[in-house]
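A closer look at the structure
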Amino acid sequence: MEVYAPPRPKPVSPGAHEPWDHNPAVKVVGGSAAFLVGLPFGAGRSVYHAVGDLKDAALFAGKLANPFDPKGREEAAGQVRNGVHGALQYGRSVVADPRRLRADALAAGKTALRDLVPFNRPMADTAWDEMKREFGVGMNDGEGLVNVVGFFGGGEALAGMRAVRTFEATRDARIAKSMAQGLDRKTAEYLSKPYEGRGHHSPIPQRRSVISSEKWKIPIPPVLQGKKIPAWIMDSPLNVSKPRGMSQADFYEYHYGVDKRFQGAKLPANLNGGKGWSGKRLNQKRYGFPERVWRGTPTFWKDGAAIVDAGEFPGLFENQTQGGPQ
């Protein structure tokens, strides 16, 4: 006796019968793309906020100093007093109950987790809503990244300007450093002069100056294959890092640290026994990936982020009248 058995249904992947707008895979891909698009928009928003904060600060300063508007001066002075009072009140409340600082820090951490970490909450009902949410997270991260870069970039800019100002005064120390590495005095003196070369190319290295699918490891339209990136892009301050106040030796050490392909540099034939400058021979340091990215970022971007940070500084005090963090 033959028993009929219907064929087993093929396994269906989760979300296969869902409308595209509710498909989990579409949500993930769309959300990821929206997050990446949001990053540069967030960086732009930080500039917008900085301009607004500078404008507000200028108006406030004008109001505070205007000799022809006593009412406005008194109002501005009252805002300063309220801000200082609010900060002091919060400080006193923390002294009285140290648990408040911990509670505020935890609340700030939860807010940061919600606003800065992508895909940290259940997916939205539709792909469009998920994309909108992840775009907002990307904008928050982009703005935050500019602020972090500006914070450290500002310190680096000040250090660079100080190095330029004191370059001649520290030249003997640079010569002594090179000689301690085993170089003769004539070579050390040559390497102590200011660096005037082409700099380190980043984020587009010189080896990527020709557009190529093979070199870039990404699909490239045929019309662009083999074309050279224009020099006004490759060699512009946007793509060349030349930290301020560096000598020849300083830059060679810097370049050796940030570029894994850089091994050394030629020197005039009558210097260092004709051997040139070698990072390996002088036991120089190679930076790890995060430090290579940071140190290799052109000064233009660090300075720009520092200026934006400085512009946003007045905005830090907008909520002081409310008694500090809530």
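Source: prediction; values computed, not measured.

Conventions used here
- Per chain, residue numbering runs from 1 following the sequence as it is written.
- Predicted model: local features are reported for residues with pLDDT of at least 70 only, side-chain atom pairs are reported and counted for 80 or more only, and whole-chain, interface and lining totals are derived from all residues.
- Computation of side-chain values: all heavy atoms of the structure, hydrogens and water removed.
- Three exposure classes are used, based on accessible area relative to the maximum for each residue type with a 1.4 Å probe and protein chains only: buried under 20%, partly exposed in between, and exposed over 50%.
- Strands are runs of DSSP state E lasting at least two residues, helices are runs of H or I lasting at least four, and both sets are numbered from the N terminus onward.
- Think of it this way: a Phe, Tyr or Trp ring, Trp meaning its six-membered ring, pairs with another when their centres are within 6.5 Å, and the plane angle makes it stacked under 30 degrees, edge-to-face over 60, tilted otherwise.

A few points about helix 9 (residues 248-258)
Counting buried positions along helix 9 gives 11 out of 11 residues, so the element sits mostly inside the fold. Burial in helix 9 covers these residues: Q248, A249, D250, F251, Y252, E253, Y254, H255, Y256, G257 and V258.

Topic: unusual backbone geometry
Here the bond from S202 into P203 is cis, since omega is 10 degrees, no more than 30 degrees from zero. Note on placement: P203 falls in the loop between strand 1 (200-201) and helix 7 (213-216). For N272, which is not glycine, the phi dihedral falls at a positive 55 degrees. The topology assignment puts N272 in the loop between strand 3 (264-265) and strand 4 (277-278). Judged by relative accessible area, N272 falls into the buried class, the value being 9%. The phi angle at N283 is positive, at roughly 60 degrees, despite the residue not being glycine. The residue N283 is located in the loop between strand 4 and helix 10 (289-296) in this model.

Side note on the packing of aromatic side chains
The final tally for this structure, using the stated rule, is 6 aromatic pairs. Consider the rings of F262 and W277, whose centres lie 6.3 Å apart with planes at 25 degrees: the pair is stacked. Within this pair, whereas F262 is found in the loop between helix 9 and strand 3, its partner W277 is found in strand 4, the two being separated by 15 residues in sequence. Of the two residues examined, F262 and W277, each falls in the buried class.

All quantities given are derived from atomic positions and should not be read as evidence of function.
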